[in-house]
Amino acid sequence: MSQRIECSRRTCRWTGENSELSKVLDPKYSAKSLTVYNYVCPKCGSKSYYELPEPIITERVEHANALIKVISEHGRKFFDHKGTIATLELDKNGKVWLIDEYTKARVYTQYNGTWRRFHHGGTLRDLVCAMRDYITKGKKLSIEWIAPARCNPENGSIWGYDKEAAAAVRAAAAQLPIIEQGEQA
Ligand SMILES: [Zn+2]
């Protein structure tokens, strides 16, 4: 049975399934010519981790994750790291977490201070907060959130997407239920 776990090392907090743990020989036993394996965090090698409950995925969480997926498929492919896509989820207290695609750690999105283990800047953090509010309050996002244009639109988007990629991601996002309808993409 697969079990979701989180690394207990504070600086790591890798999240994944127990089947993803790394199997390493225990050096203590190797010295005595015994083969004993340890299962350790694949990111930091820590032997200590704890079980995490399965994520709570509501319809609105699915809508938000669909937007993340669309963004990950265009331009600079934010939220995609070598095929791992960031995901949002709820806990049993109704709080929203983001699993960062790069650090593979859960980021608590209700926190006002610095988001450790979130490896994007303020623009995408604001977008994650907007998705969080959609999940918790049902407040849809304006299409203006997606790849916003620079003052001179010829220069592409403030996301660093060129004009074509920005137009493509907006056109795809405009179809999603999380985006306010009746607006021009
Ligand atoms: Zn770890």
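Per chain, residues are indexed from 1 in the order of the written sequence. Predicted model: local features are reported for residues with pLDDT of at least 70 only, side-chain atom pairs are reported and counted for 80 or more only, and whole-chain, interface and lining totals are derived from all residues. Remark: hydrogens and water are excluded; side-chain values derive from all non-hydrogen atoms of the structure.

J.: I'm lost on the coordination of the zinc ion in this one. Help?
T.: Octahedral metal centres with six donors ideally show angles of 90 or 180 degrees, and tetrahedral centres with four donors ideally show 109.5 degrees. Within the protein, the atoms that donate to the zinc ion are Cys7 (SG), Cys12 (SG), Cys41 (SG) and Cys44 (SG), at distances of 2.3 to 2.4 Å. Counting along the primary sequence, the residues that act as donors to the zinc ion give the motif C-x4-C-x28-C-x2-C. Of this pair, Cys12 sits in the loop between strand S1 (4–7) and strand S2 (15–17) while Cys44 is found in the loop between strand S4 (37–40) and strand S5 (49–51), placing the two residues 32 residues apart along the sequence. Of the residues examined, Cys44 reaches a relative accessible area of 26% and is grouped as partly exposed. Shown as donors are all N, O and S atoms within 2.8 Å of a metal ion, widened to 3.2 Å for Na, K and Ca; because water is not in the atom set, sites may appear incomplete. Helix and strand definitions here come from DSSP, where helices need a minimum of 4 consecutive H or I residues and strands a minimum of 2 consecutive E residues; each element is numbered from the N-terminal end. Burial classes follow relative accessibility: with a 1.4 Å probe on protein chains only, a residue under 20% of its type's maximum area counts as buried, one over 50% as exposed, and anything between as partly exposed.

J.: What should I look at first to understand helix H4 (residues 163–173) in this one?
T.: Residues three or four positions apart in an α-helix share a direction because the helix packs 3.6 residues into each turn. Taken together, the buried positions of H4 are occupied by Ala165, Ala166, Val169, Arg170 and Ala173. Buried residues of H4 fall within an arc of 130° about the axis and therefore sit on the same side. Looking at the buried residues of H4, the elements they touch are helix H2 (59–72). Here H4 starts with a cap whose side-chain oxygen sits 3.2 Å from the backbone nitrogen of Glu164, and that cap is Asp162. The arc refers to the directions leading from the helix axis to the C-beta atoms. Every residue pair with non-hydrogen atoms within 4.5 Å of one another is taken to be in contact. We define a polar contact as two N or O atoms separated by no more than 3.5 Å, with the added condition that, inside protein, one atom must be a possible hydrogen donor and the other a possible acceptor, whereas residues neighbouring each other in sequence contribute only through side-chain atom pairs.

J.: Looking at this structure, I do not really get unusual backbone geometry. What am I missing?
T.: In most cases, non-glycine residues show a negative phi, while peptide bonds are predominantly trans. At Ser33, a residue that is not glycine, the phi angle is positive and equals roughly 60°. Mapped onto the elements, Ser33 comes out in the loop between helix H1 (27–30) and S4. Look at Ser33 and you get exposed, because its relative accessible area is 68%. Unlike most non-glycine residues, Ala147 shows phi in positive territory, near 45°. With respect to the helices and strands, Ala147 occurs in the loop between helix H3 (122–137) and H4. By relative accessible area, which is 2% here, Ala147 ends up buried.

J.: What is the right way to look at the side chain of Thr109 in this model?
T.: Mapped onto the fold, Thr109 is located in the loop between strand S10 (106–108) and H3. Among the polar contacts listed, one links the side chain of Thr109 to the backbone oxygen of Val96, at a separation of 2.7 Å.

J.: For this particular structure, what's the right way to read H3?
T.: Taking 1.5 Å of rise per residue, 16 residues should cover 22 Å, and H3 covers 22 Å from first to last C-alpha, within 8% of that figure. Within H3, the full set of buried residues consists of Leu124, Arg125, Leu127, Val128, Cys129, Ala130, Met131, Arg132, Asp133, Tyr134 and Ile135. Here the buried face of H3 lies against H2, strand S8 (87–90) and strand S9 (96–99). Once H3 ends, the next one or two residues include Gly138, with phi positive near 80°. A helix's residues, less one, multiplied by 1.5 Å, set its expected span.

J.: What exactly am I supposed to notice about the domain arrangement of the protein chain here?
T.: Many structure descriptions define interface size as the accessible area lost when the parts assemble. Throughout, the edges of the domains are those of an automatic or database domain assignment. The domain architecture assigned to the protein chain consists of domain 1 (4–51) and domain 2 (59–173). The distance between the C-alpha centroids of domain 1 and domain 2 comes to 31 Å. Between domain 1 and domain 2, the contact holds nine residues from the first and eight residues from the second. Buried area is understood as the total, over both parts, of accessible area removed when two parts are fitted together, assessed with a 1.4 Å probe. Taken over both partners, the interface formed by domain 1 and domain 2 buries close to 690 Å², and the fraction arising from carbon and sulfur atoms is 33%. Basic side-chain nitrogens of Lys or Arg form a salt bridge, by our definition, when they fall within 4 Å of a carboxyl oxygen of Asp or Glu. Between the two partners, domain 1 and domain 2, sit three salt bridges. The salt bridge involving Glu89 is made with Arg4; its shortest N-O contact spans 2.8 Å. In this structure, the connection of domain 1 to domain 2 is made through five residue pairs in polar contact (both at pLDDT 80 or more).

J.: I'm lost on the pattern of salt bridges in this one. Help?
T.: Where charged atoms from two side chains of opposite charge come close, those side chains can pair. Tallying each qualifying case throughout the model produces eight salt bridges. As a salt-bridge pair, Glu6 and Arg106 come within 2.8 Å of each other at their nearest N and O atoms. Of the two residues, Glu6 sits in strand S1 while Arg106 sits in strand S10, which places them 100 residues apart along the sequence. Residue Glu6 shares its accessibility class with Arg106, and that shared class is buried. A cluster of three or more residues bridged by salt bridges with shared partners is formed by Arg132, Asp133 and Lys137.

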